[in-house]
Amino acid sequence: MLAASSFLSEDQFLCSICLDVFTYPVTIPCGHNFCKTCITEHWNINLQCQCPVCKDVSDKRPELRVNTFISEMAAQFRQSAVRKTSSFSEQQCTNTGEVLCDVCTETKLKAVKSCLVCLTSYCETHLEPHQRIPGLKRHKLIDPVENLEDRMCKKHDRPLELFCKTDQMCVCQFCTELDHKSHVFVHLIEEYEGKKVELGKTEAGIQHMIQNRRLKIQQIKQSVKFSKEDADRETAASVQVFTALIQSVERNLAQLIDMIEEKQKTTEKQAEGFVKELEEEISELMKRNAEVEQLSRTEDHLQFLQSFSSLNPAPPTKDWTEVRVQSSYEETVRRAVAQLEETLDIEVKKLCTNVELKRVQQYAVDVTLDSDTASPYLILSDDGKQVICSDIHMNVPDNPQRFSVCNAVLGKQSFSSGRFYYEVQVKGKTEWDLGVASESIIRKGKIRLSPNNGFWTVWLRNGNEYKALAGPGVSLSLKSKPQKVGVFVDHEEGLVSFYDVDAAALIYSFTDCNFTEKLYPYFSPCSIHGGINAAPLTLTCATQI
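Description of the structure in this document. Just so we're clear, the structure is a prediction, and the values are computed from it rather than from any experiment.

### With respect to empty space enclosed by the protein
Going through the model one piece at a time under the given rule, you end up with 1 cavity of 30 Å³ or more. Approximately 30 Å³ is the volume found for the largest cavity. Residue composition of the lining of the largest cavity, by class: 5 nonpolar, 2 polar and 1 charged.

Rendered as structure tokens:
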């Protein structure tokens, strides 16, 4: 017989009162079917024996007997529905990774615990004996897992509850007494927690490495960006330098050509003078030659002798043996090339310094003076851009940052990486100190300025004596007296350079510096020396030349 579900729909097996599949179905006189319990309760409440569907009323309550045919059909339909539901539930649990109860026979419910003793997973209902019976209460329950047999020792058929640290493997209690005797053991939970912590550290380490590498990628990309910008700037600067050099060569070539042409004209003019002079001598000599020739043809002895004594003397002539017309230009070209080389050398240095100054001016920063570091003899402007020295000791707090004897002051801004540049007007001063200083420099008492003491500075003394305080000091020979000094620092390159801004000339560079601390701009207007050195040091905005 074919299954009822093949021909009939679910609605045909539902009681119209409880709306569920018939349970003990009965047929009343009007022909409608109901669950025996449902229709009995309905009539008990309403007193009248009325059909809930067609409202047909019976005079007396009919005797209710189960309709076996409908009951069997309903039972088959119910079983079919249960199988479908169970299959769907199992499939759904499989898809979601949930563990099913091993005891449920029809609809498999989700397991809530697994027993390591019974090697069985239980739903809430079937777990109840393990929570009630004393013997079962001692069983080891864990969160539901599949393949419980994998959690049992294959050799002793006991739960794997311990971890052998010697062999780095999970073992049962019997293993500790036999195969792993004298080994070091810990409970699985203890090893789990330890490994969990270790794994957490590993994960943190990996995350840290990932973060470092991502940061390195950003740094590399940023470096490429900066490199591209530097390349563009250097290309533009190179074009400027070489264009200027080409123009200088062209000017010198034009001057050389003019010089050669002028020399050629002078040579030609000299040659014309020589030719004219020679032609005049030839003319005079030809006249005398004619007289001599005419006299030589005279045969009269008396007349010959009389005429010979009256013969005109030979005209004066020049000795032309050593006379030459200069036609070599080698020396002229050599001198011109030597002069060009000297000119180009000067131009290259000037242009390169000019370009270099323009480049470093792009790293200009806004520096202000820090009053907390200023010597008691210094007076700072309200905007922190100017400092002058005084003969009067100011009443200021003697904090650890303040210079006590040396008339110096630091900038508020500190720099621990990258590049920075600032400019200071020194016009009218006969003495000053400028540069940068490390954070930990000595500020009390007399100070010796040198890189070993954390100072990278240049100073002026006596109006014209410039020195780089490199320890020992390096005397500097400058072509002009700087009115404005630029200070540039490249932290990564270990470079501190000083420039004469107006002349676009390099004053001095400290190279291979080892910067291990923050750097601060350093200033000293020095003593006023009776007013001779009273001009201030003034921080100015860096304006590209």
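### Brief notes about a nonpolar patch on the surface
The grouping of Leu278, Ile282 and Met286 at the surface amounts to a nonpolar patch, some 280 Å² of accessible area in total. If you trace the backbone, Leu278 turns up in helix α6 (residues 188–296).

### With respect to helix α1 (residues 36–46)
Looking only at α1, the buried set comprises Cys38, Ile39 and Trp43. Viewed along the axis of α1, the buried residues span an arc of 125°, placing them on a single side of the element. Residues of α1 that are buried in the fold lie against β1 (25–27), β2 (33–35) and β3 (49–50). Once α1 ends, the next one or two residues include Leu47, with phi positive near 70°.

### Here's the deal with the sheet that holds strand β10 (residues 185–187)
Reading across from one edge, β9-β8-β10 is the order of the 3 strands in this open sheet, with antiparallel pairing throughout. In the strand order of this sheet, the two ends are held by β9 (169–171) and β10, each with one partner. Averaged over all pairs of adjacent strands, the angle between strand axes in this sheet comes to 35°, irrespective of strand direction. As defined by bridge partners, strand β8 (residues 162–164) adjoins β10 across 3 bridges and the pair is classed as antiparallel. Residue pairing in the sheet places Phe163 in a bridge with Val186 of β10. Lying over the sheet, α6 contacts β8, β9 and β10, oriented at roughly 90° with respect to β10.

Calculation rules
- Residues numbered from 1 in each chain as written.
- Predicted model: local features only at pLDDT ≥ 70, side-chain atom pairs only at ≥ 80, totals over all residues.
- Heavy atoms only, no water.
- 1 Å grid on protein atoms, 1.4 Å probe; cavity = no way out; pocket = protein on both sides within 12 Å on 5 of 7 lines; lining within 4 Å.
- Points joined across faces, edges and corners; volume = space filled by probe spheres on them.
- Nonpolar A, V, L, I, M, F, W, Y, C, P; charged D, E, K, R; others polar.
- Patch = residues over 30% accessible without salt bridge, like charges linked within 9 Å, V, L, I, M, F, W, Y side chains within 5 Å.
- Areas by Shrake-Rupley, 256 points an atom, 1.4 Å probe, with all protein chains shown as cover.
- Salt bridge = Lys/Arg side-chain N within 4 Å of Asp/Glu carboxyl O.
- Helix = DSSP H or I, 4+ residues; strand = E, 2+ residues; numbered from the N terminus.
- Buried < 20%, exposed > 50% of the residue type's maximum accessible area, 1.4 Å probe, protein only.
- Arc of directions from axis to C-beta.
- Contact = heavy atoms within 4.5 Å.
- Pairing = 2+ DSSP bridges.
- Axes fitted to C-alpha atoms, helices over the stretch in contact; angles between N-to-C directions.

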